[in-house]
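These are the residues of each chain, in order.
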Amino acid sequence: MCSADLGHRDEFRRVQARMLNMEPHPGVVPLYHVLEDTQHYYQVMHRADGGRLFDSLLQKYSDGCMPEAIVKRIMREILEAVAHLHRHGVLHRDIKPDNLVVTAPDSSGSFGRVMLIDFDLGAVLTAPQLVRDEVVGTKQFSAPETFVGRFSRQSDLYSVGAILYLLMVGNLPYAGHVYDEFEGSIGTPTLG
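So, how was this worked out
- Residues numbered from 1 in each chain as written.
- Predicted model: local features only at pLDDT ≥ 70, side-chain atom pairs only at ≥ 80, totals over all residues.
- Heavy atoms only, no water.
- Salt bridge = Lys/Arg side-chain N within 4 Å of Asp/Glu carboxyl O.
- Buried < 20%, exposed > 50% of the residue type's maximum accessible area, 1.4 Å probe, protein only.
- Helix = DSSP H or I, 4+ residues; strand = E, 2+ residues; numbered from the N terminus.
- Polar contact = N/O pair within 3.5 Å; in protein donor to acceptor, adjacent residues only side chain to side chain.
- Phe/Tyr/Trp six-rings, centres within 6.5 Å; stacked < 30°, edge-to-face > 60°.

Visitor: Break down the pattern of salt bridges for me, citing the residues and quoting the values.
Guide: Tallying each qualifying case throughout the model produces ten salt bridges. Residue Asp 49 pairs with Arg 47 through a salt bridge whose shortest N-O separation is 3.0 Å. Relative accessible area serves as the criterion here: at 54%, Asp 49 is assigned to the exposed category. Residue class for Arg 47 comes out exposed when judged on its relative accessible area of 65%. Salt bridges sharing partners connect three or more residues here, namely Arg 73, Glu 77, Glu 80 and Arg 113.

This is the structure:
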């Protein structure tokens with residue numbers, strides 16, 4: 001195993017330890033256990049019975065028209081979850097619709113609570129900005145500075161803004177070809 005792989009494993013373990021010991025928050029799916037064998041990690045976490053955020057939205061609002069109050073509530077819940085992570089020194093680094101789930105609707109049928117999942121690419125923030133020799137995350141939701149290995153609280157917030165843009169407009173802020181020149185810009189990128 002090369003030293004880069006060891007560094008990634010150490011960072012993954014630091015983030016998972018932080019997540020296991022973090023005080024609970026209704027917008028962050030709780031992590032109960034992290035198990036490891038020689039090839040894989042296994043995470044035991046709470047199940048969000050409402051499914052993925054966008055699937056749930058399409059089911060409830062099949063015409064694509066969401067009430068303003070629902071959009072505001074969704075964004076507030078995402079921002080509260082991200083703020084909770086940041087207060088505990090964790091950057092998510094891959095905030096995107098696929099990493100947002102909802103709880104099952106309550107008995108009144110109202111839309112479930114949004115929860116953030118998947119901390120595999122997370123990093124423990126020890127300074128205002130992390131500089132890494134890597135590009136991680138899903139490029140369409142990544143802040144420009146992350147393509148040169150700079151990650152911060154603001155780069156996570158950029159991702160939340162891209163989600164808001166997608167909710168409001170129905171497409172992403174930039175076409176996919178805009179990111180083509182960033183393939184392979186630092187080391188070996190792991191873009192989603």
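Visitor: Could you give an account of the environment of Pro 24, naming the residues involved and the relevant values?
Guide: Relative to the assigned elements, Pro 24 resides in the loop between helix 1 (3-21) and strand 1 (31-36). Its relative accessible area of 76% is what places Pro 24 among the exposed residues. For the pair formed by Pro 24 and His 84, sequence separation is 60 residues and the distance between their alpha carbons is 9.2 Å.

Visitor: Break down the environment of Asn 21 for me, citing the residues and quoting the values.
Guide: Tracing the backbone shows Asn 21 in helix 1. Note on Asn 21: relative accessible area 67%, which makes it exposed. The spatial distance from the C-alpha of Asn 21 to the C-alpha of Gly 137 is 24 Å, given a sequence separation of 116 residues. Among the polar contacts listed, one links the side chain of Asn 21 to the backbone oxygen of Ala 17, at a separation of 2.8 Å.

Visitor: Summarise the packing of aromatic side chains; cite the residues concerned and give the values.
Guide: Scanning all chains against the criterion turns up one aromatic pair. For the ring pair Phe 12 and Tyr 41, a centre distance of 4.3 Å and an interplane angle of 45 degrees mean the geometry is tilted. Of this pair, Phe 12 sits in helix 1 while Tyr 41 sits in strand 2 (residues 41-45), and the two are 29 residues apart along the sequence. According to the relative accessible area criterion, Tyr 41 is partly exposed, its value standing at 24%.

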